[in-house]
Amino acid sequence: MWEFLNTVCAFPTLLFSVALVVVAVFWLLVPCGAAAPRSFDSDVDTQALRLGPVPVSVAATVFTVVGWLLSLTGSVLLDRADPARSLSSLLSLAVLALAAVASWWVTRRLVPPLTKLFPDEPGPSGQDFGGLPGPLERH
């Protein structure tokens, strides 16, 4: 357990760990109504990034989770290899760069199929049914 926590809180995994906490808090706020999955869509064009018409929050979540897993795996493998101290710093930077690039590649492959879950048109809201008779009022 301590080895896991040390790896999660050490460079390079720490960068993805912080982002993962932010993503987790965001998705905990969504069911509460304090945030919406499309909150950041006006800031970034996912079509220009070749991610398809999915919410930015979904693409960022996939990127962060995959990057965290790859960074964690690379850090554990690096610790097991036990390289020299000077080489370890360079290899940690390489793990960070490879995790980010590989995470971007995986995100570009995983996100487009998710577009069916997030249609461009919002579903009906409670206000759309205003003035319509309820099930008990129909004769």
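Quick look at the structure, then. (Residues numbered from 1 in each chain as written. Predicted model: local features only at pLDDT ≥ 70, side-chain atom pairs only at ≥ 80, totals over all residues. Heavy atoms only, no water.)

Some thoughts on the overall build of the protein
Working step 1: Counting its regular elements, the protein contains four helices and zero strands.
Working step 2: Reading the protein from its N terminus to its C terminus gives the helix and strand order α-α-α-α.
Working step 3: Counting only residues that meet the buried cut, the protein has 27% of its 139 residues in that class.
Working step 4: Look at the contacts in the protein between residues 6 or more apart in sequence, and 71% of them connect residues 24 or more apart. (Helix = DSSP H or I, 4+ residues; strand = E, 2+ residues; numbered from the N terminus. Buried < 20%, exposed > 50% of the residue type's maximum accessible area, 1.4 Å probe, protein only. Contact = heavy atoms within 4.5 Å.)

Things to note about a nonpolar patch on the surface
Working step 1: A cluster of nonpolar side chains, namely Phe11, Leu15, Leu87, Leu90, Leu91 and Leu93, defines an oily patch on the protein surface of about 560 Å² accessible area.
Working step 2: Within the fold, Leu87 resides in helix H4 (residues 85–110). (Patch = residues over 30% accessible without salt bridge, like charges linked within 9 Å, V, L, I, M, F, W, Y side chains within 5 Å. Areas by Shrake-Rupley, 256 points an atom, 1.4 Å probe, with all protein chains shown as cover. Salt bridge = Lys/Arg side-chain N within 4 Å of Asp/Glu carboxyl O.)

With respect to the environment of Leu77
Working step 1: In this structure, Leu77 sits in helix H3 (residues 56–81).
Working step 2: When the C-alpha positions of Leu77 and Val95 are compared, they lie 10.0 Å apart, and in sequence the two are 18 residues distant.

Observations regarding the environment of Ser88
Working step 1: Examined against the element boundaries, Ser88 turns out to sit in helix H4.
Working step 2: Look past the residues within four positions of Ser88 in its chain and what remains in contact with it is Leu78 and Pro83.

Here's the deal with unusual backbone geometry
Working step 1: For the peptide bond that leads from Phe11 to Pro12, omega is 5 degrees, which places it in the cis range.
Working step 2: Tracing the backbone through its elements, the reader meets Pro12 in the loop between helix H1 (2–8) and helix H2 (13–29).
Working step 3: For Asp82, which is not a glycine, the phi torsion comes out positive at approximately 50 degrees.
Working step 4: Note on Asp82: relative accessible area 64%, which makes it exposed.

Here we look at H3
Working step 1: The terminal C-alpha atoms of H3 lie 37 Å apart, and with 26 residues this matches the ideal 38 Å at 1.5 Å per residue to within 8%.
Working step 2: The first or second residue beyond H3 is Asp82, which carries a positive phi of 50 degrees. (Expected span 1.5 Å × (residues − 1).)

Considering the packing of H2 against H3
Working step 1: Between H2 and H3, the shortest axis-to-axis distance is 9 Å and the interhelical angle comes to 145 degrees. For H2 against H3, the interelement crossing comes out left-handed. For the pair H2 and H3, contact is made by Thr13, Phe16, Ser17, Ala19, Leu20, Val23, Phe26 and Trp27 and by Ser57, Val58, Thr61, Phe63, Thr64, Val65, Gly67, Trp68, Ser71, Leu72 and Ser75, respectively.
Working step 2: Looking at the contact of H2 with H3, its residues break down into 11 nonpolar, eight polar and no charged. (Axes fitted to C-alpha atoms, helices over the stretch in contact; angles between N-to-C directions. Left-handed = near helix turned anticlockwise from the far one by under 90°. Nonpolar A, V, L, I, M, F, W, Y, C, P; charged D, E, K, R; others polar.)

Comments concerning the pattern of salt bridges
Working step 1: Within the structure shown, the criterion is met by one salt bridge.
Working step 2: The shortest N-O distance in the salt bridge between Arg80 and Glu3 comes to 3.2 Å. Here Glu3 lies in helix H1 and Arg80 lies in helix H3, a separation of 77 residues in the sequence.

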